[in-house]
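What follows is each chain in one-letter form.
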Amino acid sequence: MKYAKYLILLVAILALIPQGGLTQKTSDPQFKVKLDFDRWHDTDELYADMRKLAAAFPKFVKVSSIGKSYEGRDIMLVTVNNPDTGSELSKAAMCIEANVHGNEIQGGEICVYTVWFLMENYGRLDQITKLVNERVFYIIPTINPDGRQYFFMSPSGSARTGHVPVDDDSDYQFDEDKPDDLNGNGVVEQMRKYVPGKGNYRISRTDPRMLEPVGFGETGDYILLGREGWDNDGDGRVDEDDFGQYDGNRNYPTDWQPNYIQSGSMDYPTQIPEARAEVEFLSAHPNIAGIQSYHNNGGMILRGPGAEAMGEYPSADVRAYDELGRNGERVLPFYNYIVIWSGLYTVHGGFIDFTNDGLGIISFSNELWAEGQYFTSPELKEQQKDPNSPIAPQKSRYYFNDKLEFGEEMTEWKAFKHPQFGDVEIGGSWKKFTSRVPPRFMLEELCHRNMAFTLYQADEMPMVKLGDMTAEKLSGDVYRVFVDITNPKVAPTILEKAAQNNTVRPDLLTLEGKDLEVISASWIGNKETYKTNPNVTSFIDQKNLKRILLRNGTPGRTSRTIAYFVKGSGDLKVTYDSLKGGTVSKTIKLQ
Ligand SMILES: [Ca+2]
Ligand SMILES: [Ca+2]
Ligand SMILES: [Ca+2]
Ligand SMILES: [Ca+2]
Ligand SMILES: [Zn+2]
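Residues numbered from 1 in each chain as written. Chains lettered and ligands numbered in written order. Predicted model: local features only at pLDDT ≥ 70, side-chain atom pairs only at ≥ 80, totals over all residues. Heavy atoms only, no water.

A. A look at the nonpolar core. Core analysis: the biggest nonpolar cluster contains 75 residues, and Met50, Leu53, Val61 and Phe137 have the highest contact counts within it. For this core, the leading source of residues is helix 3 (residues 106-121), giving 9 residues. In this structure, Cys95, Ala275, Ile288 and Leu359 belong to the second largest nonpolar core, which totals 31 residues. (Core = buried A, V, L, I, M, F, W, Y, C linked by side-chain atoms within 4.5 Å. Buried < 20%, exposed > 50% of the residue type's maximum accessible area, 1.4 Å probe, protein only. Helix = DSSP H or I, 4+ residues; strand = E, 2+ residues; numbered from the N terminus.)

Right under this line is the structure:
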């Protein structure tokens, strides 16, 4: 007995050792594919990451090309589909695309993150497993691979455009004077000249890295010479004709407007090969029921219309958009759900106007990254109201650069001998991986939160279900059949706008059976009251009641009952066939 207390102690120690012994691994499980979401990937690396995912998850992930860019790069399509749960076209698809503006790169990283997250968590998280089993994902990580590549290769970080040549200055030469990195530090900066007492700028008293214009009647010590560069073609202008310089997101068919109304739209819709390839791909995949088009920046969840003259969406569509958008604001703090023309600016011929109005797809465009994310707490926001605070809006980026990015974001002014302007200084510029994109250490969160919104949208795409089905014998071979049709999701199978524009084939409700004759069909309010008081809600007045066309499809979050009177015997098969809500069948016996 005298060892009893040691025995109790031993038992207590053993109880503290985790099952499996002291050597058991207690870290998170390793991922199958190790990718990095804290650095930027050029077009080749972005594609290589997608190929890695396809190789690791070959059953689900397929990599293909929807066409070639102007410079001959593939426009990669990554398809995520579980073939065991049906073919692609039998399921609603979420299409995610990014980077139409070459410098808006982070959407590409979100695309990789999305495929990676879906695959690593398939079979691990029930919600993800279900989503992958029920839906298809079409992901175009960059719709402008030339523009993305140029953003990485060139010192200039401002190129929205693709690379179809355009003569910006009407001198019959195309793209003849591009930006130059004269001092070879990888950044196209600003140029200034020191002209003591004769300039119109002076060193800012707030921060010596800033220049500020002098007041009326004063003189400064500097003049600004514009962007770093020189006059390559001797026309007296510097950097006046870069690659392209059109806007790929103004070249889509819906509400396209010519250049004199909106510059950058090119000569006709889908003139640029990337827009054409995308329009062809989308048109060939009518199962696409959701679009996300990633842009930057400003922290917005945008929806159409792009122009006021297009008119507001029908109210049923607005309700669906609003519910999705408001939940988006919850998973994306700092992002506001807004309409393009009223909240941002007017866009004609934009991509998501084409996908909503032209193809009947619920479409969002997230403007990724908001500078407000630098200073997140209410206390810091309060401090920012004081103009003398080191994080007052004008100074906040410098503060962030110094204290959190260790000087990574900015270039300092340095002397340079310019071939045309003599002694100048070059510098004072933000590098390209700043401002429009998050700092690297904040990239993964941006990827995850935006993905979460898009997966939520994917989950709320329409999904038709056939509920209760009953057949009651009335007399001889005449039966009364009730069929419940449900769409529990937020999105309707056919947008109101799509029904108005006839852009989506109507849903089809078909009956099949031996010697089947359909006497009547009608929507009813309630099965039970209908039996005693058959006040028909609405008769379906179509010629062929075996194949009813539902122009407005099935709205979101509704359950409806259709009552048929039929003549026949044996099996009766009911099929609801929706391009965007899936195809479902059920069979009952007429007996
Ligand atoms: Ca030119
Ligand atoms: Ca430079
Ligand atoms: Ca020039
Ligand atoms: Ca040009
Ligand atoms: Zn953009």
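There's more to say after this.
B. A look at helix 12 (residues 443-459). For helix 12, with 17 residues, the first-to-last C-alpha span of 24 Å sits near the 24 Å given by 1.5 Å per residue. Turning to helix 12, its buried residues are Leu443, Leu446, Cys447, Asn450, Met451, Phe453, Thr454, Leu455, Tyr456, Gln457 and Ala458. (Expected span 1.5 Å × (residues − 1).)

C. Inspection of the packing of aromatic side chains at higher detail. In this structure the tally under the stated criterion is 27 aromatic pairs. On the basis of an interplanar angle of 80 degrees and a centroid distance of 5.0 Å, the ring pair of Phe37 and Tyr113 is categorised as edge-to-face. Here Phe37 is found in the loop between helix 1 (4-16) and helix 2 (43-56), whereas its partner Tyr113 is found in helix 3, with 76 residues between them in sequence. Across the pair, Tyr113 and Phe37 agree in class, each one buried. Grouped by ring-pair contacts, the aromatic residues Trp369, Tyr374, Phe375, Tyr399, Phe400 and Phe441 constitute a single cluster. (Phe/Tyr/Trp six-rings, centres within 6.5 Å; stacked < 30°, edge-to-face > 60°.)

D. Structural context of the pairing of strand 16 (residues 478-487). For strand 16, a buried count of 10 out of 10 residues is recorded, marking the element as mostly surrounded by other parts of the structure. Burial along strand 16 is two-sided: the face carrying Val478, Arg480, Phe482, Asp484 and Thr486 and the face carrying Tyr479, Val481, Val483, Ile485 and Asn487 are both buried. By the bridge criterion, 8 bridges tie strand 15 (residues 465-475) to strand 16 in an arrangement that is antiparallel. Each residue of the ladder has a partner; that of Lys473, found in strand 16, is Tyr479. Where strand 15 folds back on strand 16, the antiparallel hairpin that results is connected by 2 residues, among which Gly476 adopts a positive phi of roughly 55 degrees. With 10 bridges connecting them, strand 16 and strand 20 (residues 558-578) associate as antiparallel partners. Among the inter-strand pairings, Tyr479 is bridged to a residue of strand 20, identified as Val566. (Pairing = 2+ DSSP bridges.)

E. Fine view of the coordination of the calcium ion (ligand 3). The calcium ion (ligand 3) binds to the protein through Asp177 (OD), Asp231 (OD), Asp233 (OD), Asp235 (OD), Arg237 (O), Glu240 (OE) and Glu240 (OE); the donor distances cover 2.2 to 2.6 Å. Along the chain, the residues donating to the calcium ion (ligand 3) fall in the pattern D-x53-D-x1-D-x1-D-x1-R-x2-E. Residue class for Arg237 comes out partly exposed when judged on its relative accessible area of 46%. (Donors = N, O, S within 2.8 Å, 3.2 Å for Na, K, Ca; no water.)

F. View of helix 4 (residues 126-134). Listed as buried for helix 4 are Ile128, Thr129, Leu131 and Val132. Looking straight down helix 4, one finds that the buried residues subtend no more than 165 degrees of arc, so they occupy a single side. For helix 4, exposure combined with an orientation more than 90 degrees from the buried face picks out Asp126 and Gln127. Where helix 4 is buried, its residues touch helix 3, strand 4 (136-140) and helix 12. (Arc of directions from axis to C-beta. Contact = heavy atoms within 4.5 Å.)

G. Representation of the packing of helix 3 against helix 4 within the structure. Look at helix 3 against helix 4: their axes get within 8 Å of each other, and the N-to-C directions meet at 110 degrees. What the angle tells us is that helix 3 and helix 4 run roughly perpendicular. Crossing handedness for the pair helix 3 and helix 4: left-handed. Residues Phe117, Leu118, Met119 and Asn121 of helix 3 form the contact with helix 4, whose participating residues are Ile128, Thr129, Leu131 and Val132. Counted by class, the contact of helix 3 with helix 4 contains 6 nonpolar, 2 polar and no charged residues. (Axes fitted to C-alpha atoms, helices over the stretch in contact; angles between N-to-C directions. Parallel < 35°, antiparallel > 145°, perpendicular 65-115°, else oblique. Left-handed = near helix turned anticlockwise from the far one by under 90°. Nonpolar A, V, L, I, M, F, W, Y, C, P; charged D, E, K, R; others polar.)

H. View of the coordination of the calcium ion (ligand 1). The protein atoms donating to the calcium ion (ligand 1) are Asp167 (OD), Asp169 (OD), Asp171 (OD), Gln173 (O), Glu176 (OE), Glu176 (OE) and Asp241 (OD), with metal-donor distances spanning 2.2 to 2.7 Å. Ordering the donors of the calcium ion (ligand 1) by residue number gives the pattern D-x1-D-x1-D-x1-Q-x2-E-x64-D. Take Asp167: its relative accessible area is 17%, and that puts it in the buried class. Take Asp169: its relative accessible area is 16%, and that puts it in the buried class.

I. Here's a closer look at the packing of helix 6 (residues 273-283) against helix 9 (residues 351-358). Where helix 6 meets helix 9, the axes come as close as 12 Å, and the angle between the chain directions of the two elements is 25 degrees. As judged from the angle between their axes, helix 6 and helix 9 are roughly parallel. As helix 6 runs across helix 9, the sense of the crossing is right-handed. In this structure, helix 6 contributes Glu278, Val279 and Leu282 to the contact, and helix 9 contributes Phe351, Phe354 and Thr355. Across the contact of helix 6 with helix 9, the residue classes tally to 4 nonpolar, 1 polar and 1 charged.

J. Inspection of the environment of Ile140 at higher detail. For Ile140, the location among the structural elements is in strand 4. Note on Ile140: relative accessible area 0%, which makes it buried. Separated by 18 residues in sequence, Ile140 and Tyr122 have C-alpha atoms that sit 21 Å apart. Not counting the four nearest positions on each side in its chain, Ile140 is found in contact with Ile66, Ile75, Met76, Leu77, Ile96, Glu97, Ala98, Cys111, Glu278 and Phe281.

K. Molecular detail of the side chain of Asn356. Mapped onto the elements of the fold, Asn356 is located in helix 9. A distance of 2.8 Å separates the side chain of Asn356 from the side chain of Asp357, its partner in a polar contact. Residue contacts for Asn356: discarding those within four places in its chain leaves Tyr313, Tyr321, Ile361, Ser363, Leu495 and Lys497. (Polar contact = N/O pair within 3.5 Å; in protein donor to acceptor, adjacent residues only side chain to side chain.)

L. Examining the pattern of salt bridges more closely. In the structure shown here, the tally under the stated rule is 36 salt bridges. In this structure, the salt-bridge partner of Arg557 is Glu323, at a minimum N-O distance of 2.9 Å. Placement of Arg557 in the loop between strand 19 (547-550) and strand 20 and of Glu323 in helix 7 (residues 315-331) is noted, with a sequence separation of 234 residues between them. Residue Arg557 is classed as partly exposed on the basis of its relative accessible area, which comes to 48%. For Glu323, a relative accessible area of 29% puts it in the partly exposed group. Through salt bridges with shared partners, a single network forms among Glu104, Arg160, Asp247, Arg250 and Arg436. (Salt bridge = Lys/Arg side-chain N within 4 Å of Asp/Glu carboxyl O.)

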